[in-house]
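# Descriptive structure summary
What follows is each chain in one-letter form.
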Amino acid sequence: YDTGYFYHLMIGGSLLFVFCLFMLSLTHAGQYYQVFLSHGLGVGIATGLSYVPGMAVLSQYFERRRPIAMGIATTGSAVGGVLHPIMLNKLFYGPAGFHGGVRASAGLCLGLLAIALLLLRPRFRPTKGQISTTAVFNNFLRDPPYVIMVCGTTLIYTGLYFPIFFLQLNAIKIGINANLAFYTIAILNGASVFGRIFPNMLVNSVGVFNMVILCTTITGILVFCPLAIKDVAGTMIFSVMYGFFSGAYAGLVSPMISSLARNNSEIGARLGICFTFTGIGGLVGTPISGALLQGSFIWWRPFLFSGVCVFMGTLCFVVSRYLVSKVKEFFGLYSRFATSSRSATTLFPCSDVLVFFILIYEDISIRYLQGRKSAITDNIYPKKEIL
């Protein structure tokens, strides 16, 4: 993306996405490998190819209102989460059947992606010269706030999806009508639309890290709530609340990643690397939760696992936010850390990280000595009490 392959990624990802959906409509009953190849691998690769460039190019057009713009863009997945389940449910159990319903979904996606490709266009010229992926990765690896934030996003997505994927099953198990339980997912995604917009409006005044930490903390608390829910009202309230705050995180994660970029040319690479590891969390999290649930439906185990993952991810965001704030506070240490000498980097691969913490140590030492000097001065020249 950063070197000028935006349209290659977007067009290739879009065509692969639609092609794999049409291939899914040709699968046969009992042939799991066909579903795995077309939907599991094909659609997953296509989504990864097109999502990150689409978000990165959007960030080029906005600076101060970037969080709002990105939040509005991410509402598309939430709106799709409302429309597609209802549409496919009607088609699957209607005259169209499974294969016809999937083809209808593929045709809808083809039209929407065509419109998107006509609207998207990079604003800035691509970076000149060849960019080494290894060099970029090593550069970001020496950025402690970014590395810790990537760990946080991976942990969050490890635990975030279990309440969403198993919400309908949990509702049926506590005695809610199956037809009503089906719409809990649509309600959750509908609330997610608002969660991806309104919290982003407060980012400029509150701060993106502060807003993310608040939303993920509330999300972590909500993960445990289904253990105490036993009726329709509680399930619906949970669907709305969890949809709103989990959607808020989904809308804020891209602006949070972009906030750590030193310039616009880094945004695409930072988003790509972060979402690569985030995908690993989304890949393993829900299967682990399902294995913990077992056939006997021991609900507290997966909810505990998901809640701990979300809270651990939030803790990573707190540490990352603390480092970013200290870097900005300590006389521009972040710029000095990012531009450390090339000779030191050659001699010591982790020299940038060492320089970062040494500079922080030096600043703390200076502050300590200043405090000691003030204390000695106060002892030599005590202040007069005012009567």
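Residues numbered from 1 in each chain as written. Predicted model: local features only at pLDDT ≥ 70, side-chain atom pairs only at ≥ 80, totals over all residues. Heavy atoms only, no water.

Even without being a glycine, glutamine 294 presents a positive backbone phi close to 60 degrees. By the element assignment, glutamine 294 lies in the loop between α13 (267-293) and α14 (300-329). Despite not being glycine, phenylalanine 297 shows a phi value in the positive range, around 55 degrees. Along the chain, the position of phenylalanine 297 falls in the loop between α13 and α14. Taking relative accessible area as the criterion, phenylalanine 297 reaches 29% and is therefore assigned partly exposed. (Helix = DSSP H or I, 4+ residues; strand = E, 2+ residues; numbered from the N terminus. Buried < 20%, exposed > 50% of the residue type's maximum accessible area, 1.4 Å probe, protein only.)

In this structure, Tyr146 and Met149 are the most contacted members of the largest nonpolar core, which totals 54 residues. It is helix α12 (residues 232-259) that contributes the most residues to this core, ten residues altogether. In this structure, tyrosine 146 is in contact with Phe140, Ile257, Leu260, Ala269, Arg270, Ile273 and Cys274, ignoring residues within four places of it in sequence. Formed by eight residues, the second largest nonpolar core is a distinct cluster that contains Phe17, Ala46, Ala106 and Cys109. (Core = buried A, V, L, I, M, F, W, Y, C linked by side-chain atoms within 4.5 Å. Contact = heavy atoms within 4.5 Å.)

All right, on to the packing of helix α11 (residues 208-223) against α12 then. Between α11 and α12, whose axes approach to 9 Å, the crossing angle comes to 150 degrees. The pairing of α11 with α12 is recorded here as roughly antiparallel in orientation. By crossing handedness, the relation of α11 to α12 is classed as left-handed. Where α11 abuts α12, its residues Val208, Phe209, Met211, Val212, Cys215, Thr216, Ile218, Thr219, Leu222 and Val223 lie against Phe238, Met241, Tyr242, Phe245, Ser246, Ala248, Tyr249, Leu252, Pro255, Met256 and Ser259. Its residues assigned to classes, the contact of α11 with α12 comprises 17 nonpolar, four polar and no charged. (Axes fitted to C-alpha atoms, helices over the stretch in contact; angles between N-to-C directions. Parallel < 35°, antiparallel > 145°, perpendicular 65-115°, else oblique. Left-handed = near helix turned anticlockwise from the far one by under 90°. Nonpolar A, V, L, I, M, F, W, Y, C, P; charged D, E, K, R; others polar.)

Relative orientation of the contacting elements α12 and α13 amounts to 125 degrees, with a least axis distance of 9 Å. Judged by the angle between their axes, α12 and α13 are oblique. In terms of crossing hand, the pair formed by α12 and α13 is right-handed. On α13, the residues that touch Val253, Ser254, Ile257 and Ser258 of α12 are Ile267, Arg270, Leu271, Cys274 and Phe275. Taken together, the residues that form the contact of α12 with α13 break down as six nonpolar, two polar and one charged.

Turning our eyes to something else, we now look at the environment of arginine 123. With respect to the helices, strands and loops of the structure, arginine 123 is situated in the loop between α4 (97-119) and α5 (133-141). Taking the relative accessible area as the measure of exposure, arginine 123 reaches 49% and is therefore partly exposed. Between the alpha carbons of arginine 123 and tyrosine 61 there is a distance of 6.9 Å; along the sequence they are 62 residues apart. Those residues in contact with arginine 123 that sit more than four places away from it in its chain are Gln60 and Tyr61.

With 28 residues, helix α2 (residues 32-59) ought to run about 40 Å at 1.5 Å a step, and its terminal C-alpha atoms sit 39 Å apart, in line with that. Its axis deflected by about 25 degrees at glycine 42, α2 carries its strongest bend there. (Expected span 1.5 Å × (residues − 1). Bend = angle between axes of the 7 residues up to and from the residue.)

Another aspect to go through is the side chain of serine 320. With respect to the secondary-structure elements, serine 320 resides in helix α14. Beyond its immediate sequence surroundings of up to four residues, serine 320 is in contact with Pro145, Ile148, Met149 and Phe209.

Following the sequence through the fold, tyrosine 161 ends up in the loop between α6 (144-160) and α7 (162-165). On the basis of relative accessibility, which here comes to 28%, the residue tyrosine 161 falls in the partly exposed class. The spatial distance from the C-alpha of tyrosine 161 to the C-alpha of serine 246 is 9.1 Å, given a sequence separation of 85 residues.

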